[in-house]
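Letter by letter, the chains look like this.
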Amino acid sequence: MKFHIESLLQQAGPLSLAVAPDGMEVVAAGELVSVNTGEAVELSASDLGGMTIMNAAAHLHSRYAGDAVLAIRKKADFALLRPAFSELPVYYQLHHDAVDAWAGLELPRRLVEAPPLFDLDYLATTVLAGAFVSPRTGFQGICELLSGSVLLCLDGGTPQQIDLLAGEVLKLSCSTETDYERELEQFRSLIVRSVAHKTRPCSHRFSIEASGGLDSSVLTVAAAALHPGAPLSLINSYSEEDPHGDERIFFEALASHVGASGTLVDTHAWARMESLSPELMAPMARPCKMASAAATVGQMFEHARASGSVTVMTGDGGDQLFLRTRRTYIAREMMREAPTAREALLTSMVLAMQERCSVWSIAREVVTRRIEQQYRDRFFGSTAIQANPLSDLQPSANMELIPHMSRLRKLRISRLFQFVGMRMAELNRIQFRECPVTERKPFVFWPLIRAALRAKRAHHFAGGRDRALQREAFKDDLPAIIYHRTSKGAARDPRERFDHEALASRLLHSAACRYHLISKNRLIAAMKQPVDEKTAGALLSATTVADWMRMYEAD
């Protein structure tokens, strides 16, 4: 089996080579950082001598993170390792005697001109789930090397992709004894190092999608401190028609605070659209989860390019990383962390005040775990992947939202929320035609995610404030109006963004119907009724798949 990785390595970034004492070779493309500290480090293979190639890959995975990829060769064995939560997309095509690999979201021209057969099983699952993490793509024979995974080929045999990340998460110990002030320092340094890592390849040529919320504001002040004197470009999407989505007062305060230029994008300009604007999107290996936001995001990327940026940073993943959820779900965990009965009682009283319920309600949840179990069912129960009301297909009992989901049943609910949420954040990736701008998410950074998973639960809500670990870590850097902010802007309701009759009309004549991913009868029946939230979501999922398939169909 031959591995063609030359294109991958050229696209991935600067190369470094290390050789183990027994001759094993390791090539890293892109910048590596320490899993523990997030600091940039040099590649070393000095302690890999005598290891099998699989053990070497696991060892490198436990040591290095960052937006990079590593190639390992030992005699006739070969492995390709993508570090945990690396934002460098890696895809490969399997042939009978070779593997062709490349970096980036955009499909190589040769595959656009002669696309492989559709993987209808994968596309059917996408219609049902909307989003799930899998190596499979919309094409047969084309796979993504998921972050935290290794593509292993022993003695020239058939390559096998192996997930290493779930096991790493299960092994993490919880740092319940760590001092709060010390954790604040740790989170501040990790966020700053992540922003440095994400912006280093593009120097000063980046923009920030800044809503005026806490997540994007923290990234903005960190970036401003790292690049003093450099022009900082901020972009905000708003809608005057939606009072919950108009955050311009916070955005303007942030831009003024850091001395940045601000650009506004009116999302109301794309209300009642008759399509998802598929003509804007570059050919990719699978349907894009962000397709319904393509018009707005595309405009933001164009503004970024006009300002000279090649990268847009976003705060995607912040809600999941810093536990923006109801505290009742994790009441049991917080009580268990309390070192004394007195602390447990105080914790229950604080939780009751924050949730506006009685102490007895908190105590009942701690004993019965009723609400926690309802929430856990979202990941493992019958509601994890539901049937699409526009399709005759039914979800399989073996479907999983992320690799090795069944193994993660042991995780406590808050850490499950964090980990699954951050894996889903990896799917929020989009590439536009003739637009070289890429997206980077500083919260999608394994050293930071790892620290958030290990942190004491109460520290995430210290002082009765949500997102306490990042809020307090950057207290002296943020504008007061943002530091004290507790609300969050709402996205426009998908029922208002699109003309559903127009979407349904396009679907009726699409490949999604011809391949029976969508039922014509169900679609026609659904459109005779008022469109509710569930039907609107199903329509968007089906249209996303249909638009992607149309891109590769012969005229």
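Report follows, based on the coordinates. The structure displayed is predicted, hence computed values, not measured ones. (Residues numbered from 1 in each chain as written. Predicted model: local features only at pLDDT ≥ 70, side-chain atom pairs only at ≥ 80, totals over all residues. Heavy atoms only, no water.)

**As for the layout of surface pockets**
Then, number 1: Estimated volume of the second largest pocket: approximately 790 Å³.
Then, number 2: Residue lining of the second largest pocket: 32 residues in total, with Gln-11, Leu-88, Pro-89, Thr-438 and Arg-440 positioned closest to the centre.
Then, number 3: Looking at the lining of the second largest pocket, the elements with two or more residues in it are helix H1 (6-12), strand S9 (98-103), helix H6 (180-199) and strand S17 (438-440).
Then, number 4: Top contributing element to the lining of the second largest pocket by residue count: S17, with 3 residues.
Then, number 5: Its residues placed into classes, the lining of the second largest pocket shows 13 nonpolar, 9 polar and 10 charged. (1 Å grid on protein atoms, 1.4 Å probe; cavity = no way out; pocket = protein on both sides within 12 Å on 5 of 7 lines; lining within 4 Å. Points joined across faces, edges and corners; volume = space filled by probe spheres on them. Helix = DSSP H or I, 4+ residues; strand = E, 2+ residues; numbered from the N terminus. Nonpolar A, V, L, I, M, F, W, Y, C, P; charged D, E, K, R; others polar.)

**As for the nonpolar core**
Here is a general trend for soluble globular proteins: nonpolar side chains tend to be buried in one another's company.
Then, number 1: Residues Phe-85, Leu-234, Phe-379, Ile-402, Leu-416 and Trp-446 are the most contacted members of the largest nonpolar core, which totals 89 residues.
Then, number 2: The element best represented in this core is helix H15 (residues 413-425), accounting for 8 residues.
Then, number 3: When near neighbours in sequence (up to four residues on either side) are disregarded, Leu-416 contacts Arg-376, Phe-379, Phe-380, Met-405, Leu-408, Leu-411 and Gly-421.
Then, number 4: In terms of nonpolar packing, the next biggest core, distinct from the first, is built from 56 residues, Leu-111, Met-290, Ala-291 and Val-297 among them. (Core = buried A, V, L, I, M, F, W, Y, C linked by side-chain atoms within 4.5 Å. Buried < 20%, exposed > 50% of the residue type's maximum accessible area, 1.4 Å probe, protein only. Contact = heavy atoms within 4.5 Å.)

**Some thoughts on the sheet that holds strand S8 (residues 90-94)**
Then, number 1: With mixed pairing, 4 strands are arranged side by side in an open sheet as S1-S9-S8-S10. Every other strand in the sheet has two partners, leaving strand S1 (2-4) and strand S10 (142-144) as the edge strands with one partner each. Across the sheet, the mean angle separating the axes of adjacent strands is 25 degrees when strand polarity is ignored.
Then, number 2: Two strands pair when backbone bridges link them, and S8 and S10 are joined in this way by 3 bridges, in the antiparallel orientation. If you follow Tyr-92 over to S10, its bridge partner there is Cys-143. (Pairing = 2+ DSSP bridges. Axes fitted to C-alpha atoms, helices over the stretch in contact; angles between N-to-C directions.)

**Regarding unusual backbone geometry**
Then, number 1: A positive phi is found at Arg-369, a non-glycine position, where the angle reads about 60 degrees.
Then, number 2: Along the chain, Arg-369 turns up in the loop between helix H13 (359-368) and helix H14 (370-380).
Then, number 3: Residue Arg-369 is classed as partly exposed on the basis of its relative accessible area, which comes to 33%.
Then, number 4: In this structure, Arg-467 is a non-glycine residue whose phi angle is positive, near 55 degrees.
Then, number 5: With respect to the helices and strands, Arg-467 occurs in the loop between helix H16 (446-454) and helix H17 (468-473).
Then, number 6: You can call Arg-467 buried: its relative accessible area is 5%.

**Remarks on the packing of aromatic side chains**
Then, number 1: Under the counting rule described, the total for this entry stands at 16 aromatic pairs.
Then, number 2: With 6.0 Å between their ring centres and 85 degrees between their planes, Phe-118 and Tyr-515 make a pair best called edge-to-face. Highlighted residues: Phe-118 in the loop between helix H3 (109-113) and helix H4 (120-129) and Tyr-515 in the loop between helix H21 (511-514) and helix H22 (520-526), separated in sequence by 397 residues.
Then, number 3: An aromatic cluster of at least three residues, connected via ring pairs, comprises Phe-118, Phe-139, Tyr-515, Trp-548 and Tyr-552. (Phe/Tyr/Trp six-rings, centres within 6.5 Å; stacked < 30°, edge-to-face > 60°.)

**Digging into empty space enclosed by the protein**
Then, number 1: A complete count under the given rule lists 4 cavities of 30 Å³ or more for this structure.
Then, number 2: A volume near 210 Å³ is recorded for the largest cavity.
Then, number 3: Along the lines of polarity and charge, the residues of the lining of the largest cavity split into 10 nonpolar, 3 polar and 4 charged.
Then, number 4: Counted as a void, the second largest cavity has a volume near 100 Å³.
Then, number 5: Forming the walls of the second largest cavity are 14 residues, and the residues nearest its centre are Met-281, Ala-291, Thr-544, Asp-547 and Trp-548.
Then, number 6: Residue composition of the lining of the second largest cavity, grouped by class: 11 nonpolar, 1 polar and 2 charged.

**Concerning the pattern of salt bridges**
Then, number 1: Under the criterion given, the structure shown has 28 salt bridges.
Then, number 2: Within the structure, one salt-bridge network assembled from shared partners comprises Asp-67, Glu-87, Lys-198 and Arg-440. (Salt bridge = Lys/Arg side-chain N within 4 Å of Asp/Glu carboxyl O.)

**Focus on the sheet that holds strand S14 (residues 233-238)**
Then, number 1: Spatial ordering of the open sheet is given by S15-S14-S13-S16-S17, a layout of 5 strands whose pairing is parallel. Each edge of the sheet is formed by a strand with only one pairing partner; in this case those strands are strand S15 (261-266) and S17. Taking each pair of neighbouring strands and ignoring which way they run, the sheet shows an average axis angle of 30 degrees.
Then, number 2: As paired elements, strand S13 (residues 206-209) and S14 share 3 bridges and run parallel to each other. What sits directly across from Ile-208, in S14, is Leu-234.
Then, number 3: Against the sheet, helix H7 (residues 214-226) makes contact with S13, S14 and strand S16 (311-313), and its axis sits at roughly 155 degrees relative to S13, the strand it touches most.

On their own, these measurements won't tell you what the molecule is for.
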